[in-house]
Amino acid sequence: MPEKHLQVTLLAHTPDPEKTCALAARTCYSALEYEELKTLVAEKDQGAFLRRIVASGHLSVLEHASFTFGVSGVSRALLAQVTRHRIASFSVQSQRYVSLEQGFGYVIPPRIKALGQEAVEEFEREMAKMQGWYAAWQEKLGGSGEGSNEDARFVLPNACETHITMTMNARELLHFFSLRCCNRAQWEIRAMAREMLRLCRQAAPVIFENAGPGCVSGPCPEGAKSCGQAKEMRELFRNL
């Protein structure tokens, strides 16, 4: 199968995520009943209020808004990284129940592509060889099926493509973006994080207006390991 490319889709999110978070925040500071709070939030723009809440660090109210993404064209190497984020829900294409006997998609790292066409072709031959190993082990283990797939998959590479349905709340997304949008993050998860942030900004522009790596809203948290491009990063994420 051919090389796969990153695709990120915002499948669903909390309706009116910013109003939901604003209502949750106002609950903390108001004696009004919920119907009155709903009317207040609906009738008045909540942008300035929500900005003050975020700036104050009262981020627990952002946990009431969740965002669900469909991600494809990413590698199993990325999967191992993204599932380290614990306040999230993941559903991943199974290599046990989904047979790859017709071929598996794969991700080619940019640094390999930069070496030229000969290097790309060598990489593709290696992927084909692993596909052959997988098919051979399937046959030895009894053919395509759950029992054979679960052991034949052991010869598949980290480059093998997978599909991920992933849900995070807005607070966790801000944390995720601060880590994974950084230039020091691995290239694949960085590209995914930046596309996720672009989609989040469309759905909740106030919540995510200052989202991105740590250097976007303050000093770089990487210290001596900083990429030294804070100014360029601020400009990049301002125009994302």
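Reading guide: rules and limits
- Residues numbered from 1 in each chain as written.
- Predicted model: local features only at pLDDT ≥ 70, side-chain atom pairs only at ≥ 80, totals over all residues.
- Heavy atoms only, no water.
- Pairing = 2+ DSSP bridges.
- Helix = DSSP H or I, 4+ residues; strand = E, 2+ residues; numbered from the N terminus.
- Axes fitted to C-alpha atoms, helices over the stretch in contact; angles between N-to-C directions.
- Contact = heavy atoms within 4.5 Å.
- Phe/Tyr/Trp six-rings, centres within 6.5 Å; stacked < 30°, edge-to-face > 60°.
- Lys NZ or Arg CZ within 6 Å of the ring centre and 35° of its normal.
- Salt bridge = Lys/Arg side-chain N within 4 Å of Asp/Glu carboxyl O.
- Buried < 20%, exposed > 50% of the residue type's maximum accessible area, 1.4 Å probe, protein only.
- Patch = residues over 30% accessible without salt bridge, like charges linked within 9 Å, V, L, I, M, F, W, Y side chains within 5 Å.
- Areas by Shrake-Rupley, 256 points an atom, 1.4 Å probe, with all protein chains shown as cover.
- Lys, Arg positive; Asp, Glu negative; His and termini not counted.
- Charge placed at Lys NZ, Arg CZ, Asp CG, Glu CD.
- Parallel < 35°, antiparallel > 145°, perpendicular 65-115°, else oblique.
- Left-handed = near helix turned anticlockwise from the far one by under 90°.
- Nonpolar A, V, L, I, M, F, W, Y, C, P; charged D, E, K, R; others polar.

S.K.: Explain the sheet that holds strand S3 (residues 89–92) to me, using residue names and the numbers behind them.
M.R.: Ordered by their spatial adjacency, four strands build an open sheet running S1-S2-S4-S3, and the pairing between neighbours is antiparallel. The open sheet has two edge strands with one neighbour each: strand S1 (7–13) and S3. Pairs of neighbouring strands in the sheet enclose a mean axial angle of 20 degrees, with direction left out of account. With six bridges connecting them, S1 and strand S2 (residues 66–75) associate as antiparallel partners. By the bridge assignment for S2, glutamine 7 is matched with serine 72. Against the sheet, helix H8 (residues 170–180) contacts S2 and strand S4 (161–169), and its axis sits at roughly 125 degrees relative to S4.

S.K.: Give a description of the packing of aromatic side chains that names residues and reports values.
M.R.: Evaluation of the coordinates by the stated rule reveals five aromatic pairs. Grouping aromatic residues by their ring pairs yields a cluster made of Phe67, Phe176, Phe177 and Phe208. Here the guanidinium or amino end of arginine 26 rests over the ring plane of phenylalanine 49, the centre of that ring lying 3.8 Å away.

S.K.: Got a sec to walk through the pattern of salt bridges? Specific residues and values, please.
M.R.: Inspection of every chain in the model, using the stated rule, returns nine salt bridges. For arginine 96, the salt bridge identified is with glutamate 146, shortest N-O distance 2.9 Å. With arginine 96 in the loop between S3 and helix H5 (110–113) and glutamate 146 in helix H7 (residues 146–152), this pair connects stretches of sequence that are 50 residues apart. For arginine 96, a relative accessible area of 27% puts it in the partly exposed group. The partner of glutamate 222 in a salt bridge is arginine 184, with the nearest N and O atoms 2.9 Å apart. Of this pair, glutamate 222 sits in the loop between helix H9 (187–203) and helix H10 (230–238) while arginine 184 sits in the loop between H8 and H9, placing them 38 residues apart in sequence. Since its relative accessible area comes to 44%, arginine 184 is described here as partly exposed. Each of the salt bridges in this network shares a partner with another, and the network as a whole consists of Arg96, Glu146 and Glu150.

S.K.: Any chance you could break down a negative patch on the surface for me, citing the residues and the numbers?
M.R.: A cluster of acidic residues, Glu118, Glu121, Glu122, Glu124 and Glu126, forms a negative patch on the protein surface. Looking at the secondary structure, you find glutamate 121 in helix H6 (residues 117–140). You can call glutamate 121 partly exposed: its relative accessible area is 36%.

S.K.: Hey, could you go over the packing of helix H1 (residues 17–29) against helix H2 (residues 34–43) for me, with residue numbers and the actual values?
M.R.: Close contact between H1 and H2 brings their axes to 10 Å; oriented N to C, the two are set at 130 degrees. With respect to H2, the axis of H1 lies oblique. In this structure, H1 meets H2 at a crossing whose hand is right-handed. Judged by residue contacts, Lys19, Leu23, Arg26 and Thr27 of H1 engage Tyr34, Leu37, Lys38, Leu40, Val41 and Ala42 from H2. Each residue belonging to the contact of H1 with H2 can be placed in one class, and the counts come to six nonpolar, one polar and three charged.

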